[in-house]
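Structural features, examined
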Amino acid sequence: MQFGVYGLKPEEKVFFDAWAQNNGVTMNYHTAGLNGQSPADFAGDDAIVALQTVPYPPAAIEAMAAAGVKYLALRNVGMDNVPFPTLAAKGIQLANVPAYSPQSIAEFAVSLTLQLVRNFGYVIQAISAHQYTEAMQRTGKELGTMTIGVIGTGRIGASAVKLFKGFGSKVIAYDPYPNPALKDEVEYVDDLADLWPRVDVIDLHIPGTKENTHLIGAAEIAQMKDGVYIVNTARGNLIDTQALLAGLASDKVAGAGIDTFEFESDVFPQWEKNEAPTNALYEQLLADPRVIMTPHIAYHTETAVENMVEVSLNNAKAFVETGHAPNEVDVQKLAQA
Ligand code: NAD
Ligand code: COI
C-alpha cells in the first residue's frame, strides 16, 4: 500500500515514519500542497493524505481521479477549502479528523482573549521601545469579571466554555444545536441578537460555511457593547474585515484576536516565504496594537500534530482495505449544500 502525503511539515515526519513502519505502508512525501499536480504525480498512490488551509483546486482532484486514486484523507477538521462538487463528480471519497485536539484550539482562543484584555499588544510594543512606564500604566481586565459570548458549542466551543468557566467568567452561548453537556455551564440564547449586547468578548467556534460568511459585519458590531473584544480561531470568512477595521477605528471594538484571517489564501504564500503580507487589510490589522494576528496556528500542539497524522492515516488505510473510513464524510450531500 502507498499513500501520497501532501503538505508534509517537518514536525509531522516522525509520526508518519513510525506509523508507516508499524503498518507496512510506503509514504510518498511532498512538502507542497495539492496544487498543479498531473496524474503522473499520483502514480502508485492508493490514497492521498493532505493538509492545507488554501483551497484544494478542482484540477488537482481531477488529476487524482485520472490516476485512479479514490480516497482523500485530510489531516484536519475544517473542509471549507474542499471542492465537494468535483469530488462528488469524480467519485472520490473523503475523510477528515474531526477531533484531533479541540483543547488545542480552545486554549489558544482563551490565550488570545487573555492577551487582549491585558493589553499585550501595547505592553510588548512599549517594552520593545524601552517605554516601561507606558507598559506599567496599562490597566487590564480580569476574565472573572467578564461575560463571554461563545458562538458554536461543538467540540472546540465546549472546550472553550469550560476554560472560560475556570476563570470565573459568565458564558452566554449560541448554537442552533445546544450542547446538552453544557446545560449547567452556559446560558443559551435563541437568537444572536440577544447575545451581541450582553457580552464583553465574542469567541467564534463555527465552520466557515457559505451561510456563516460575515456572521459578524457592521450591523452586528453596531449591536455589540462598546469596547467589545472579538476572537476568531475558526475561519476568516466569519468576520467582515472591513467592518472589524471600522469598529476598531471608532473604538466600538477594543481589540481582536485573529488566528484565521478572511483573505488567508492571499497572504499564505507570503507567510510561507517569511515575507510581509501585502494585503492592505492584513497590514492595517497587524499595525494595530489592539489586534493580535497569528498565522492559523491555534491547532498547533504536539498532541494535535500526532493525532492529525495517526487518525488521517488510519482513515486512509481503512478506505483502501474496506472502501470506507471511520471519519468518512458524505461528499454527495456536501456537494448539494
Ligand atoms: P463542531 O462541528 O464540533 O462544532 C461546530 C458547532 O458550530 C456545531 O455545534 C454547530 O451546530 C455550530 N454552528 C454552526 N453554524 C453556527 C452558527 N451560525 N451559529 C452558531 N453555531 C453554529 O466543530 P469544531 O470541532 O468545534 O470546530 C469548529 C471550527 O473550528 C471548524 O469548523 C474549523 O473551521 C475551526 N478550526 C480551526 C482551527 C485552527 O487551527 N484555527 C483548528 C481546527 C478547527
Ligand atoms: C482545521 O483543522 O480545520 C484547521 O483549521 C487547522 C489547519 C492546519 C488546517
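Scroll up for the structure.
Residues numbered from 1 in each chain as written. Chains lettered and ligands numbered in written order. Predicted model: local features only at pLDDT ≥ 70, side-chain atom pairs only at ≥ 80, totals over all residues. Heavy atoms only, no water.

**Focus on the site of ligand 1**
Around ligand 1 lies a shell of 26 residues, among which Arg 155, Ile 156, Asp 175, Asn 212 and Thr 233 are the nearest. Within the backbone of Ile 156, an N or O atom sits 2.9 Å from an oxygen atom of ligand 1. In the model, an oxygen atom of ligand 1 is placed 2.6 Å from a nitrogen or oxygen of the Asp 175 side chain. In the complex, 85% of the free accessible area of ligand 1, which totals 870 Å², lies under the protein chains. Broken down by class, the residue content of the shell around ligand 1 amounts to 15 nonpolar, seven polar and four charged. (Near = heavy atom within 4 Å. Polar contact = N/O pair within 3.5 Å; in protein donor to acceptor, adjacent residues only side chain to side chain. Areas by Shrake-Rupley, 256 points an atom, 1.4 Å probe, with all protein chains shown as cover. Nonpolar A, V, L, I, M, F, W, Y, C, P; charged D, E, K, R; others polar.)

**Things to note about the packing of aromatic side chains**
The final tally for this structure, using the stated rule, is nine aromatic pairs. Judged by centre distance (6.4 Å) and plane angle (80°), the rings of Tyr 100 and Tyr 299 are edge-to-face. Here Tyr 299 lies in the loop between strand E12 (291–293) and helix H13 (302–322) and Tyr 100 lies in the loop between strand E5 (93–95) and helix H4 (102–117), a separation of 199 residues in the sequence. Residue Tyr 299 is classed as buried on the basis of its relative accessible area of 12%. Members of the aromatic cluster, each reached through a chain of ring pairs, are Phe 261, Phe 263, Phe 268, Trp 271 and Tyr 282. Taking the ring centre of Tyr 122 as reference, the NZ or CZ of Arg 138 above it sits at 3.6 Å. (Phe/Tyr/Trp six-rings, centres within 6.5 Å; stacked < 30°, edge-to-face > 60°. Helix = DSSP H or I, 4+ residues; strand = E, 2+ residues; numbered from the N terminus. Buried < 20%, exposed > 50% of the residue type's maximum accessible area, 1.4 Å probe, protein only. Lys NZ or Arg CZ within 6 Å of the ring centre and 35° of its normal.)

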